[in-house]
Amino acid sequence: MPWSSRLDAVAPFRVMSLLESAQAREAAGHDVIHLEVGEPDFPTPEPVLAAGQQALSRGQTRYTPAAGLPALREAIAGHYARHFGAEVDPARILVTPGASGALLLASQLLVEAGDRVLMADPTYPCNRHFMALAGAEVDAVPVGPASGWQLDAGLVTRHWGEATRLAMLASPSNPTGHMLDATGLAAVAEGVAARGGHLLVDEIYQGLCYELAPLSAAAIAPEAFVVNSFSKYFGMTGWRLGWLVAPEAAVEPLTRLAQNVFLAAPTPAQHAALAAFSPACRELLEARRGELQRRRDALLAGLAGLGLAPDLPPQGAFYLWLDIARYSRDSEAFCRRLLEEENVAITPGTDFAVRGGEHHVRIAFTTDIARLEEAVARLGRFLARQGGA
């Protein structure tokens, strides 16, 4: 029996297969260094754990409103006001099961069959797939150092067509870790608005910024749809909690969608997330951000010794996007061999890029500096055998 043809546009997430292989090698006794999955080795912050345990002990496990706990929506609005100077009405915030839930709502609201969506290439693959499941076609716009690895206003102007309805940005981005500054983001928003389109901004790695100050489209482009998550900066990956900021006119249809698609986000996770905005938690999260920056710098220094450091260091997130063309034009085979020969797990670029992914890889600096330095040493041995280093 055939499955829905919509699934034809959804490619497998190769990193999950690679993770499975890495875990199998680990189970067989190999010392595997995991640099493949976007999940740092930090545990959930203690204040969040305590709040979650208290919620369970108090029996706070029943449904919440579809758009989320009012107290959590207010806390998120306060976060925007304190850290980004954005006045966001809590009524415009919908709490969702992960950022994926927010992307699902946005895609179903904003596009339909025959519409076209602009995105940077490379980008997080699920962003493309959500749009495809809604029936839209994605125009993956190649980006590189010239545009700061971002879909900038000039690219939006050149690639916007009659059927284009939406431009989607990610800042900081996955897999490159690069950001748009306030001027660049405002220019994109103005260009999209002038064409009568919508702007959707993925801010999942917001807060994990190193040289540039964190910023939000909510402060710069009030009509934009903004996706965020408790997974990355707040360290709550398994709690599956995110949110969507939407223009006032979109709240009712989005709430109606949420009621029908997932009813509400997980209740214990919402109560736990209230503690993520506490001063004690903020202090811990900022210390972790500093540690990630030190890891980034250590990894960049090691890769520079191998001639592999990127020309533009990532400004945020916790990834490096590396060109391996001098060694391989098959990033999937490259990553498999590196795992099998040196027990280092990294991700092939084909997960993220429609064009050029075959000669790029993504490295997540999600483990401690000593392990990163050992990974670089193993990578150096591997590259020496390829005849390049």
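Coordinates for the structure precede this section.
Residues numbered from 1 in each chain as written. Predicted model: local features only at pLDDT ≥ 70, side-chain atom pairs only at ≥ 80, totals over all residues. Heavy atoms only, no water.

Caption draft 1: View of the overall build of the protein chain. In terms of helices and strands, the protein chain carries 13 helices and 12 strands. Its C-alpha atoms give the protein chain a radius of gyration of 21 Å, within 12% of the compact-globule value 21 Å for 389 residues. With the C-alpha coordinates aligned to their principal axes, the bounding extent of the protein chain is approximately 60 × 55 × 50 Å. A burial count over the protein chain gives 56% of its 389 residues as buried. (Helix = DSSP H or I, 4+ residues; strand = E, 2+ residues; numbered from the N terminus. Rg over C-alpha atoms; globule rule 2.2 N^0.38 Å. Buried < 20%, exposed > 50% of the residue type's maximum accessible area, 1.4 Å probe, protein only.)

Caption draft 2: Helix α7 (residues 182-194), seen in detail. Compared with the 18 Å implied by 1.5 Å per residue over 13 residues, the 18 Å span of α7 between its first and last C-alpha is a close match. Taken as a whole, α7 has its buried residues at Gly184, Leu185, Val188, Ala189, Gly191 and Val192. Summarising the axial view, the buried residues of α7 lie within an arc of 165°, below the 170-degree limit, and thus occupy one face. Set apart from the buried face of α7 by more than 90 degrees, the exposed residues are Thr183, Glu190, Ala193 and Ala194. Here the buried face of α7 lies against α6 (153-159), β5 (164-170), β6 (198-202) and α8 (217-220). Where α7 terminates, the next one or two residues include glycine 196, which has phi positive at roughly 70°. (Expected span 1.5 Å × (residues − 1). Arc of directions from axis to C-beta. Contact = heavy atoms within 4.5 Å.)

Caption draft 3: Spotlight on the nonpolar core. By size, the foremost hydrophobic cluster in this structure holds 120 residues, and its most contacted members are Tyr80 and Phe230. When neighbours within four sequence positions are excluded, tyrosine 80 is seen to be in contact with Gly85, Ala86, Val88, Glu203, Ser216, Ala218, Val226, Asn228, Trp243 and Val245. (Core = buried A, V, L, I, M, F, W, Y, C linked by side-chain atoms within 4.5 Å.)

Caption draft 4: Structural detail: the sheet that holds strand β4 (residues 137-142). Reading across the sheet, the seven strands line up as β2-β8-β7-β6-β5-β3-β4 and stay open at both edges, with mixed pairing between neighbours. Of all the strands in the sheet, just β2 (93-96) and β4 have a single pairing partner and so form its edges. Put simply, the sheet's adjacent strands are angled 20° from each other on average, direction ignored. Pairing geometry for strand β3 (residues 116-121) and β5, over four bridges, is parallel. Looking across to β5, one finds that arginine 116 is bridged to threonine 164. The strands touched by helix α3 (residues 70-84) within the sheet are β2, β7 (225-229) and β8 (242-245), with β2 carrying the most contacts at an inclination of about 115°. (Pairing = 2+ DSSP bridges. Axes fitted to C-alpha atoms, helices over the stretch in contact; angles between N-to-C directions.)

Caption draft 5: Broad picture of the packing of aromatic side chains. Enumeration over the complete set of coordinates arrives at 14 aromatic pairs. Residues tyrosine 205 and tyrosine 319 carry aromatic rings whose centres are separated by 5.6 Å and whose planes lie at 75° to one another, so their mutual orientation is edge-to-face. With tyrosine 205 in the loop between β6 and α8 and tyrosine 319 in strand β9 (residues 319-323), this pair connects stretches of sequence that are 114 residues apart. The residues tyrosine 205 and tyrosine 319 share a single accessibility class, namely buried. Grouping aromatic residues by their ring pairs yields a cluster made of Tyr80, Phe84, Phe230, Tyr233, Phe234, Trp243 and Phe277. (Phe/Tyr/Trp six-rings, centres within 6.5 Å; stacked < 30°, edge-to-face > 60°.)

Caption draft 6: Representation of the pairing of strand β12 (residues 360-364). Within β12, five of the five residues are buried, which leaves the element mostly enclosed by the surrounding structure. With five bridges joining them, β9 and β12 adopt antiparallel strand pairing. Within β12, the position partnered with aspartate 323 by the bridge is histidine 360.

Caption draft 7: Representation of the environment of valine 188 in the model. By the element assignment, valine 188 lies in helix α7. Along the primary structure valine 188 and alanine 167 are separated by 21 residues, whereas in three dimensions their C-alpha atoms are 8.8 Å apart. Residues in contact with valine 188, not counting those within four places in the same chain, are Leu151, Asp152, Ala153, Val156, Leu169 and Leu199.

Caption draft 8: Focus on the environment of isoleucine 76. With respect to the secondary-structure elements, isoleucine 76 resides in helix α3. Since its relative accessible area comes to 0%, isoleucine 76 is described here as buried. On a C-alpha basis, the gap between isoleucine 76 and alanine 301 in space is 37 Å, while along the polypeptide they are 225 residues apart. Among residues more than four places away in sequence, those in contact with isoleucine 76 are Ile93, Val95, Phe230, Trp243 and Phe277.

Caption draft 9: Spatial organisation of the environment of aspartate 330. Mapped onto the fold, aspartate 330 is located in the loop between β9 and α12 (331-342). Given the relative accessible area of 39%, aspartate 330 is considered partly exposed. The spacing of aspartate 330 and alanine 375 is 45 residues in sequence and 20 Å in space, taken between C-alpha atoms.

Caption draft 10: How the structure looks around the side chain of arginine 288. Within the secondary structure, arginine 288 is located in helix α11 (residues 279-305). Here arginine 288 is buried and forms no salt bridge, its nearest opposite-charge partner aspartate 41 lying at an N-O distance of 8.1 Å. Within the structure, arginine 288 has its side chain in polar contact with the backbone oxygen of proline 43 (distance 2.8 Å). (Lys, Arg positive; Asp, Glu negative; His and termini not counted. Salt bridge = Lys/Arg side-chain N within 4 Å of Asp/Glu carboxyl O. Polar contact = N/O pair within 3.5 Å; in protein donor to acceptor, adjacent residues only side chain to side chain.)

Caption draft 11: Seen up close, the packing of helix α4 (residues 98-110) against helix α5 (residues 125-133). Two elements in contact, α4 and α5, have axes whose closest approach is 9 Å; the angle formed by their N-to-C orientations is 40°. With respect to α5, the axis of α4 lies oblique. In this structure, α4 crosses over α5, and the sense of that crossing is right-handed. Across the interface between the two elements, Ser100, Leu103, Leu104, Ser107 and Gln108 from α4 touch Asn127, Phe130, Met131 and Leu133 from α5. (Parallel < 35°, antiparallel > 145°, perpendicular 65-115°, else oblique. Left-handed = near helix turned anticlockwise from the far one by under 90°.)

Caption draft 12: Region of the structure containing α3. Here α3 contains 15 residues, and its C-alpha end-to-end distance of 21 Å stays within 8% of the 21 Å for a straight helix at 1.5 Å per residue. If you check which residues of α3 are buried, you get Leu72, Arg73, Ala75, Ile76, Ala77, Gly78, His79, Tyr80 and Phe84. Glycine 85, located one to two residues past α3, shows a positive phi value of around 65°.

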